[in-house]
Each structure stands twice: as structure tokens, then as C-alpha cells.
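# Remarks on the overall topology
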Amino acid sequence: MKKQFPYFKSNPSSAYLDSAATSQKPKSVLAKMDAYYQKNNANTGRGVSTAGNLASQILADNRQIVADFIGAGDAKSIIFSKNCTESLNLVAFGFARNILKLGDIILVSRGVHHANLMPWQVIAKQTGAELVAIELNQFGQIDLDDLAKKLSKKVKIVAVGHVSNVLGHQNPVEQIVKMSHQFGAKVVVDGAQAVGHMPVDVTKLDADFYAFSAHKMYGPTGIGVLYGRVELLEQMSPLIYGGGMISEVTFDWFELTKLPHRFEAGTVDVAGVVGLGEAIRFINKIGLNKIQQHDRDLVDQLISNLAEIPAVEVYGKNQLSLVSFNIKNVHPHDLAHVLDENKITVRSGKHCAMPLSDHLRLPGTVRASFGIYNDSSDVDKLIAAVKTAVDKLYVK
């Protein structure tokens, strides 16, 4: 599998274990994007030229590929953004700000990524709504009993992550959505760590909004996706205004065009969308069930080996594709530095989830995360490097 990823030809001795931050890109994705630029590059939705029409059709075809991949069906429900963060901001400032008022409540899991917390902090201040945390259990997972206690008719928004980017567990989104909908709340899901690692069906989840990024699923940077229920997208305001998102403009008035284009002002990154579409083909060719099992096997191997090192602490439970750990009494950055010296690429710190680190009472963690190009030899290299770090850094 590594042979399909040019990164490893340039870095043959590297164990890349930071796919939760960004994944490497297969040759097929890079080639497809390059071919688009060489053969089909034109602006979409502009004029009546053959080249422009072809580019528009390529964009539409890949939008449908994305819709099918996450079980959305209707391509109108797929909005292209520059990343998952922008998608979540679009929901907060384009939808929630229109419906929230003084006295309403926004429920946000204490374990979410900052991208699914900070917009709600701002929106709460702007609208007079109250921001309330959904508390976590001892493993850092969403406490459904706490959610049940806090749900009421005043709750208008519930924001959660599908898979924790710090602890790696899957949250029970389907159950959370069902509980929230009983009170009329809309559920916003950050799926950045789920899509590409496990089957995701937004229709089955019954989510109102679902966001993810291409670059974490073997696609390019600069392209994100927002799925939204069509009836909710119709109520949403754009964040950016300009060409491509209007049907008519006078000097003092304009009319928005139809979905999904009203949320994609300016020139769309068609090559990025092409790369995302090819990444989906790459994933589908392997099979998401096989990818999920591959990740679990490596997680199990890593956890079982770390458990044999007394100085190491592992955090979380039922991890899907990543493992967070520390050496006792050693700062995670110091451990990551030793791993880097041994050509092991991991992530260290609070992983854009500071409230979760505070909840766990940790200065941060070292996070090893897997992609389809990793194998058991990468885990062996990591374990050997961790043992070296223990010898260098651990003090009882």
C-alpha cells in the first residue's frame, strides 16, 4: 500500500503516524488533479463555452459522488467549503444566528474540537443564547445521562463530534440525534475523524448538519464538505457574497441562486473537488469495512504493546483509528521530540481540544493515528522509539 503514496518514496524510513492531522495522498488522487488542470481547467458556471460547461459537469459529477458516499442522496445537500472548520462556521453564522434568541440554549460536548466550540461561543454572545456543556464520563465520552438532563424545549442546537480527535472513540450520534429531535433541537456533527475511516450514512444518523474535510481522507487540503438537510439549507444565509451565488443583481438588490451554489461564492476549487472525488473512489476500491478493521488491528497492536511498558499511560476506550498516550511525568512534546529523532511522526499537545485536556487534567498527549498505508512494522518502530524515550526521559 505504501507504494501507492509518493510521500513514502521521498521518506522511505519514516513511520507517518499523524493521519488524524492530515493524511498522505495516493498517486491516483494527485494524477487526477493534475489531469484536470492539464486537460479540463476552466471556470464553472460562467458563460456557455464547451470548456466551462465541461468543468461545471465535472463539479456536479463529483458532488454526487460525495453525496452517495455519505448516504445523502440529494447532491443539493452538499456544500463545498475550504475545510471542516469553515463548514461548521457556516452552520453557526449562517443558520444558528438566524434562529437563536435570548434564553435559548446551545449544548456542546466538552470533548469537541475547537472548530465546533468557538463559533458557538461567539454566536451565544451575539444572540443572547446560553452555551452549556454536555459533560463527559471517566473515559472522556459523552455522558448521555447528562445530555438527557439538559435537553429541553429551550435547546435549539446540539453540537458533537462523531469520533474524538483526541481519544479516538465513536460517539453514539444516532442516539444523540434521536434524543435531541424529541425536543426540536438541531444537531451539528463534526465528522472529520469519522469519514474515510468508517461507513457514514447521514440519512441513517438523521443528522441535521454534518461536516468533514477531504485532507483527512486521502484527498487534498483546501476542500471541506458541509451536508445539510435541504429544508434547513434553504433557511441559511451565505457567509460570502459575490459571483456565482446569485441569479440576478441590480445596483441595490440581488437574488440568491438555487442550492447548493448560493453558498459557494467565487471560483470553486474544482481541482480540489476532483481530488476529493478520486479519494472516495480510492477508499471505495479498498472498502470502508476493510479500512475500519485495518485501523482497529493496528490500534489493538499498539495498545497491547504500550500496556507492557509500565511508564506509559494510555487514554480513552474503544479507539477506532488513533491512540493517545504519555510517559508518566514527561511532557508530551518531549516524548514527541524523541520520537521525531527516530523518524516517527506523531502529534503532541492538546489537539485543538483544550477543554477536554482540562477535563482529563493533562498537559496534552502524544497521539499516534493510522492510515491505510500503515502496517505492523510502523507500530513496532513506534514501540521501540517509546522505549528509547522512557530510557532517556522517565524519572520515577
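Note: the structure precedes this text.
Residues numbered from 1 in each chain as written. Predicted model: local features only at pLDDT ≥ 70, side-chain atom pairs only at ≥ 80, totals over all residues. Heavy atoms only, no water.

## Quick look at the overall build of the protein
- On a plain count of helices and strands, the protein comes out with 14 helices and 15 strands.
- The C-alpha radius of gyration computed for the protein amounts to 22 Å, which stays within 12% of the reference 21 Å derived for 396 residues, consistent with globular compactness.
- Principal-axis analysis of the C-alpha atoms gives the protein an extent of 70 × 55 × 35 Å.
- Counting every position in the protein, which comprises 396 residues, the buried fraction comes to 54%.
- For the protein, restricting intrachain contacts to residue pairs at least 6 apart in sequence, the fraction spanning at least 24 positions comes to 70%.
- Approximately 17200 Å² of the protein is accessible, and the part contributed by carbon and sulfur atoms is 51%.
- The protein carries 42 positive and 38 negative side-chain charges, and their two centres are separated by 1 Å. (Helix = DSSP H or I, 4+ residues; strand = E, 2+ residues; numbered from the N terminus. Rg over C-alpha atoms; globule rule 2.2 N^0.38 Å. Buried < 20%, exposed > 50% of the residue type's maximum accessible area, 1.4 Å probe, protein only. Contact = heavy atoms within 4.5 Å. Areas by Shrake-Rupley, 256 points an atom, 1.4 Å probe, with all protein chains shown as cover. Lys, Arg positive; Asp, Glu negative; His and termini not counted. Charge placed at Lys NZ, Arg CZ, Asp CG, Glu CD.)

## So, the packing of helix α4 (residues 84-99) against helix α5 (residues 118-127)
- It is the contact of α4 with α5, at a shortest axis distance of 9 Å, that shows an interaxial angle of 20 degrees. As judged from the angle between their axes, α4 and α5 are roughly parallel. Note on packing geometry: the crossing formed by α4 with α5 is right-handed. Contacts between α4 and α5 involve N89, V91, A92, F93, A96 and R97 from the first element and P119, W120, V122, I123, Q126 and T127 from the second.
- Partitioned by chemical class, the residues of the contact of α4 with α5 number 8 nonpolar, 3 polar and 1 charged. (Axes fitted to C-alpha atoms, helices over the stretch in contact; angles between N-to-C directions. Parallel < 35°, antiparallel > 145°, perpendicular 65-115°, else oblique. Left-handed = near helix turned anticlockwise from the far one by under 90°. Nonpolar A, V, L, I, M, F, W, Y, C, P; charged D, E, K, R; others polar.)

## Some thoughts on the pairing of strand β12 (residues 322-327)
- Most of β12 sits out of view: 6 of its 6 residues are buried.
- Residues L322, S324 and N326 line one face of β12 and the alternating positions V323, F325 and I327 line the opposite face, and both faces are buried.
- In this sheet, β12 lies alongside strand β11 (residues 312-315) in antiparallel orientation, the contact comprising 4 bridges. Each residue of the ladder has a partner; that of Y315, found in β12, is S324.
- Counted along the chain from β11 to the antiparallel partner β12, the turn is 6 residues long, and its residue G316 has a positive phi close to 100 degrees.
- Strand direction decides the pairing type here: β12 and strand β15 (residues 365-369), joined by 4 bridges, are antiparallel. (Pairing = 2+ DSSP bridges.)

## Things to note about a nonpolar patch on the surface
- On the surface, Y241, V249 and F254 cluster together into a nonpolar patch covering about 310 Å² of accessible area.
- Assignment of secondary structure puts F254 in strand β10 (residues 253-256).
- Take F254: its relative accessible area is 40%, and that puts it in the partly exposed class. (Patch = residues over 30% accessible without salt bridge, like charges linked within 9 Å, V, L, I, M, F, W, Y side chains within 5 Å. Salt bridge = Lys/Arg side-chain N within 4 Å of Asp/Glu carboxyl O.)

## Focus on the environment of S376
- With respect to the secondary-structure elements, S376 resides in helix α14 (residues 376-393).
- Placed 77 residues apart in sequence, S376 and V299 show a C-alpha to C-alpha distance of 9.9 Å.
- Residue contacts for S376: discarding those within four places in its chain leaves L298 and Q301.

## Here's the deal with the sheet that holds strand β14 (residues 347-349)
- Pairing in this open sheet of 4 strands is antiparallel, and the strands run β11-β12-β15-β14 from one edge to the other. Where the open sheet ends on each side, the last strands, each with one partner, are β11 and β14. Looking at each pair of strands side by side, their axes are set apart by 30 degrees on average, direction ignored.
- Where α14 meets the sheet, it contacts β11, β12 and β15, and its direction lies at approximately 20 degrees from that of β12.

## Here we look at the sheet that holds strand β7 (residues 209-213)
- Here 7 strands make up an open sheet; going across it, the order is β2-β8-β7-β6-β5-β3-β4 and the pairing mixed. A strand with exactly one partner marks an edge of an open sheet, and here the two such strands are β2 (78-81) and β4 (130-134). Taken pair by pair, the neighbouring strands of this sheet meet at an average axis angle of 20 degrees, ignoring direction.
- Bridge count for β7 against strand β8 (residues 224-228) is 5 bridges, and the pairing is antiparallel. Residue pairing across strands places S213 opposite G224, the latter belonging to β8.

## Re the environment of E174
- As for its placement among the helices and strands, E174 is situated in helix α7 (residues 173-181).
- For the pair E174 and N342, spaced 168 residues apart in the sequence, the C-alpha separation amounts to 41 Å.
- If near-sequence neighbours (up to four positions away) are discounted, E174 is found in contact with K204 and L205.

## Section: the packing of helix α11 (residues 288-306) against α14
- The N-to-C vectors of α11 and α14 enclose an angle of 25 degrees; their axes lie 10 Å apart at closest approach. The angle between α11 and α14 falls in the class roughly parallel. In this structure, the crossing between α11 and α14 has a hand that is right-handed. Together, L298, Q301, L302, N305 and L306 of α11 and S376, V379, D380, L382, I383 and V386 of α14 make up the contact between the two elements.
- Considering only residue class, the contact of α11 with α14 consists of 7 nonpolar, 3 polar and 1 charged.

## What to know about the nonpolar core
- One finds I78, L107, V158, Y210 and L276 to be the most contacted residues of the largest nonpolar core, which totals 66 residues.
- Among the elements that make up this core, the one with the highest residue count is helix α10 (residues 270-286) (7 residues).
- Judged by nonpolar contacts, the second largest core, of 31 residues, contains F93, L117, L233 and M236. (Core = buried A, V, L, I, M, F, W, Y, C linked by side-chain atoms within 4.5 Å.)

## Focus on the pattern of salt bridges
- Applying the stated criterion across every chain yields a total of 14 salt bridges.
- Of the charged contacts, one joins D378 and K2 as a salt bridge, the two residues approaching to 2.9 Å between their closest N and O atoms. Taken together, the residues span a long stretch of sequence, with D378 in helix α14 and K2 in the segment before α1 (6-10) at a distance of 376 residues.
- Residue D378 is classed as buried on the basis of its relative accessible area of 1%.
- Between E234 and R262 there is a salt bridge, with the nearest N and O atoms lying 3.6 Å from each other. Of the two residues, E234 sits in the loop between α9 (230-233) and β9 (246-250) while R262 sits in the loop between β10 and α10, which places them 28 residues apart along the sequence.

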